[in-house]
Amino acid sequence: MKLIFLDAKTLGDDIDLSVFEKFGDVTIYQTTTLGERIERCKDADIIITNKVVIDKEVIDAVPSLKLVCVAATGMNNVDLEYAAQKGIEVKNVAGYSTHSVVQHTFAMLFYLLEKLPYYDNHVKSKAWSQSGIFTCIDRPFHELRGRQWGIIGFGTIGKAVAKVAEAFGATVVYYSTSGENNDSLYPRMELDTLLSTSHIISIHAPLNEKTKNLLDFIRLEKIQAGSILLNLGRGGIVNEKDLVHVMDDKEIYVGLDVTEKEPLPEDSVLFEVANPERLLITPHIAWTSLEARQELVKGIFDNIAVFLKKHTI
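All figures in this text were calculated on a predicted structure; none of them were measured in a lab.

**Regarding the side chain of Lys115**
Note that Lys115 resides in the loop between helix H4 (98-113) and helix H5 (116-124). Of note is the side chain of Lys115, whose polar atom sits 3.5 Å from the backbone oxygen of Leu113. Not counting chain neighbours up to four residues away, the residues in contact with Lys115 comprise Phe110, Arg139, Pro140, Phe141 and Tyr253.

So, in structure tokens, the structure goes:
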């Protein structure tokens, strides 16, 4: 059996991928361009991909293909309908990064909430040393206790964020992007109400027809000054051009772990924000704790093992 991993670099060089050798002949590529896909996959029985697109062109060119393992939860890089027509199974890994994403959500929150960049610079610039006072309260910040935290997207991650926010004394409300989540523990709100009344807003939703450009200029304008917006869902949920206009118009603080295009283009409008200290951007790392990536590889391994139990190759 031949197994091809097309973009192993996305999992990092500190993850052991030798476990896949148990299944046969394994070829690992760190990255793969669109033009390299067919040549590299032409004899594969199993393809592992994180973000490399497996579409009709690839499927038709690889008659030996039987299983596509997506090294992620989202599977929008695979033509699922065509794969099903061809009898090719597609498996993802769900739930592996929940703890990691929740942790990063709060890391971003506290960085912005407590004005940590300012205070770090205050000390390292020796301004504190020269102040003659034991503390500095130039940039006041609030406690989470008593603040309203609005969560957009109330799946597994959204609910886990809610529990931690509650532990800090925040009041949690949510908006269901699918319209299917009804949690009796927390009030469900319409989106406009959530945006206009919440002090912290975090996004944990997938990108689809219902969520693309969900937060445009009109909705972003509803966010009250002093509030914090965090996007750990998908970049296309927040319109970046509109976001910059609103950030330049009022004092809101924004943390983005995802952007419309990744990596972020050098000419992105996000680099033009007038008050960059109010904007924190991390390069899509919320899911990447070492433990989460190890769990991801285990999930891929298990998916292949289950497949092989059902099929003889």
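Let's pick the thread back up.
**Some thoughts on the sheet that holds strand E1 (residues 2-5)**
Spatial ordering of the open sheet is given by E2-E1-E3-E4-E5, a layout of five strands whose pairing is parallel. The open sheet has two free edges, formed respectively by strand E2 (25-28) and strand E5 (89-91), since each of these has just one partner strand. When strand polarity is set aside, the average angle formed by the axes of neighbouring strands in this sheet is 15°. Relative to strand E4 (residues 67-70), strand E3 (residues 46-49) runs parallel, the two being bridged by four bridges. Paired with Ile46 across the strands is Leu67, a residue of E4. Along the sheet face, helix H10 (residues 290-310) touches E1, E3, E4 and E5 and points at about 160° away from the line of E4.

**Things to note about the pattern of salt bridges**
Counted under the stated rule, the structure contains 13 salt bridges. The partner of Asp14 in a salt bridge is Arg293, and the shortest N-O contact between them spans 2.5 Å. Of this pair, Asp14 sits in the loop between E1 and E2 while Arg293 sits in helix H10, and the two are 279 residues apart along the sequence. Judged by relative accessible area, Asp14 falls into the partly exposed class, the value being 44%. Across the pair Lys56 and Asp60 runs a salt bridge whose closest N-O atoms are separated by 2.9 Å. Note that Lys56 and Asp60 are positioned in helix H2 (residues 56-61) at a spacing of four residues, about one turn of the helix. With relative accessibility at 42%, the residue Lys56 sits in the partly exposed group.

Reading the values: rules and limits
- Residues numbered from 1 in each chain as written.
- Predicted model: local features only at pLDDT ≥ 70, side-chain atom pairs only at ≥ 80, totals over all residues.
- Heavy atoms only, no water.
- Helix = DSSP H or I, 4+ residues; strand = E, 2+ residues; numbered from the N terminus.
- Polar contact = N/O pair within 3.5 Å; in protein donor to acceptor, adjacent residues only side chain to side chain.
- Contact = heavy atoms within 4.5 Å.
- Pairing = 2+ DSSP bridges.
- Axes fitted to C-alpha atoms, helices over the stretch in contact; angles between N-to-C directions.
- Salt bridge = Lys/Arg side-chain N within 4 Å of Asp/Glu carboxyl O.
- Buried < 20%, exposed > 50% of the residue type's maximum accessible area, 1.4 Å probe, protein only.

The values are spatial; any link to function lies outside them.
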